[in-house]
Amino acid sequence: MATVRGAVRGTQPVLTGAQVRLRPWTPDDADAVFAACQDAEIQRWTTVPSPYSYDDAVGYVTTFAPQAWQQGDAVFAIVDTATGSPVGSIGAHGVRGGTAEIGYWVAAAARGRGLARDALRTLARWCLREVGVARLELMVDPTNLGSRRVAEVAGFTAEGTLRRRLVVQGRRIDVVMYSLLPDDPAATAL
Ligand SMILES: CC(C)(COP(=O)(O)OP(=O)(O)OC[C@H]1O[C@@H](n2cnc3c(N)ncnc32)[C@H](O)[C@@H]1OP(=O)(O)O)[C@@H](O)C(=O)NCCC(=O)NCCS
């Protein structure tokens, strides 16, 4: 597999945005993940288990996220720098191969303050500038208007609709494919 500038090796970094810090998940975060993932919107639009158990949260922070880093992906807790609390998750999958697919959620109580946009911009900047990823992708249900808006305000371009591309919560759905390339004007402004 092609490698990109020694990406996702060594210790997972902490990334600093304007409003958020992206850091590795820790076992102490299980309560926050469990509480956030009870939300119907997260269970509707993402691939988290539904219903979401406490064991799911423990597995996420102690096994899934650390293993993701070992396997060439990068999953971060989104920490609101105003409070120091973890309020969401954002991950880039397939980083080592040069094309990374991003996914995210923000806890209901923390929405509407630009945290998802800042987390996405921060992760995209690291992927494109530090790691050398050639293409970032975001696949969004066409009816998930909130996530589509997040992608657009972060500078991603909608390329078109891929039919029945993903299985989410047991349903095979169409997705809008968004991308961001290192030489896009929006990427140079990150
Ligand atoms: C989608 C989600 C991540 C947005 O998080 P957020 O922190 O509230 O988003 P932001 O505050 O950064 O909003 C960024 C932009 O999107 C807009 N936006 C956010 N949620 C919106 C919604 N439900 N409907 C319309 N616009 C929305 C904001 O108004 C803002 O636009 P603006 O800059 O023009 O004002 C959050 O609602 C969520 O976790 N949803 C459930 C999980 C999910 O859908 N994940 C993505 C799967 S592809």
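What you see is a predicted model, and the numbers here were worked out from it, not measured in a lab.

Rules used in this analysis
- Residues numbered from 1 in each chain as written.
- Predicted model: local features only at pLDDT ≥ 70, side-chain atom pairs only at ≥ 80, totals over all residues.
- Heavy atoms only, no water.
- Helix = DSSP H or I, 4+ residues; strand = E, 2+ residues; numbered from the N terminus.
- Buried < 20%, exposed > 50% of the residue type's maximum accessible area, 1.4 Å probe, protein only.
- Contact = heavy atoms within 4.5 Å.
- Axes fitted to C-alpha atoms, helices over the stretch in contact; angles between N-to-C directions.
- Parallel < 35°, antiparallel > 145°, perpendicular 65-115°, else oblique.
- Left-handed = near helix turned anticlockwise from the far one by under 90°.
- Nonpolar A, V, L, I, M, F, W, Y, C, P; charged D, E, K, R; others polar.
- Arc of directions from axis to C-beta.
- Phe/Tyr/Trp six-rings, centres within 6.5 Å; stacked < 30°, edge-to-face > 60°.
- Right-handed = clockwise from strand over helix to strand, strands pointing away.
- Pairing = 2+ DSSP bridges.

Asker: Can you tell me about the side chain of Gln43, naming the residues and giving the values?
Answerer: Along the chain, Gln43 falls in helix H2 (residues 40-45). Residue Gln43 is classed as buried on the basis of its relative accessible area, which comes to 13%. Among residues more than four places away in sequence, those in contact with Gln43 are Cys37, Gln38, Val48, Pro49, Ser50, Pro51, Tyr52 and Gln169.

Asker: Which residues make up unusual backbone geometry, and what are the values?
Answerer: In this structure, Pro51 follows Ser50 across a cis peptide bond, with omega equal to 0°. With respect to the helices and strands, the residue Pro51 is situated in the loop between H2 and helix H3 (54-70). One non-glycine residue, Arg164, lies in positive phi territory at about 50°. Within the secondary structure, Arg164 sits in strand S7 (residues 157-168).

Asker: If you had to explain the packing of helix H4 (residues 115-131) against helix H5 (residues 145-153) to someone new, which residues and values would you point to?
Answerer: Between two packed helices, both the angle of their axes relative to each other and the distance between the axes serve to describe the pair. At a minimum axis separation of 9 Å, H4 and H5 run at an interaxial angle of 50°. With respect to H5, the axis of H4 lies oblique. Between H4 and H5 the crossing geometry is right-handed. Contacts between H4 and H5 involve Ala116, Arg117 and Leu120 from the first element and Val150, Ala151 and Val153 from the second. Looking at the contact of H4 with H5 residue by residue, the classes come out as five nonpolar, no polar and one charged.

Asker: Describe H5, naming the residues involved and giving the relevant values.
Answerer: Buried residues of H5: Ser147, Val150 and Ala151, and no others. On an axial view of H5, the arc spanned by its buried residues comes to 95°, and they lie on one face. For H5, the exposed residues lying more than 90 degrees away from the buried face are Leu145 and Arg149. Tucked inside the fold, the buried residues of H5 contact strand S5 (99-106), H4, strand S6 (135-140) and strand S8 (171-180). Of the residues flanking the end of H5, it is Gly155, one or two places downstream, whose phi is positive at about 100°.

Asker: Break down the environment of Arg165 for me, citing the residues and quoting the values.
Answerer: Mapped onto the fold, Arg165 is located in strand S7. The exposure class assigned to Arg165 is partly exposed, which follows from its relative accessible area of 39%. For the pair Arg165 and Asp141, spaced 24 residues apart in the sequence, the C-alpha separation amounts to 9.9 Å. Discounting residues that sit within four places of it in the chain, Arg165 has contacts with Met139, Arg172, Ile173 and Val175.

Asker: How would you sum up the packing of aromatic side chains? Please name residues and give values.
Answerer: Scanning the model with the defined rule gives six aromatic pairs in all. A centroid spacing of 5.8 Å and a plane angle of 85° characterise the contact between Phe76 and Trp126, whose relative ring orientation is edge-to-face. Of this pair, Phe76 sits in strand S3 (residues 74-80) while Trp126 is found in helix H4, placing the two residues 50 residues apart along the sequence. In this structure, Phe76 and Trp126 share a single accessibility class: buried. Aromatic rings pair up to connect Trp25, Tyr60, Phe64 and Trp105 into one cluster.

Asker: How would you explain the pairing of S6 if you had to name every residue and give the values?
Answerer: Counting buried positions along S6 gives five out of six residues, so the element sits mostly inside the fold. Running through H4, the crossover from S5 to the neighbouring parallel element S6 is right-handed. With five bridges joining them, S6 and S8 adopt antiparallel strand pairing. Each bridged residue has a counterpart across the sheet, and for Leu136 the counterpart in S8 is Leu180.

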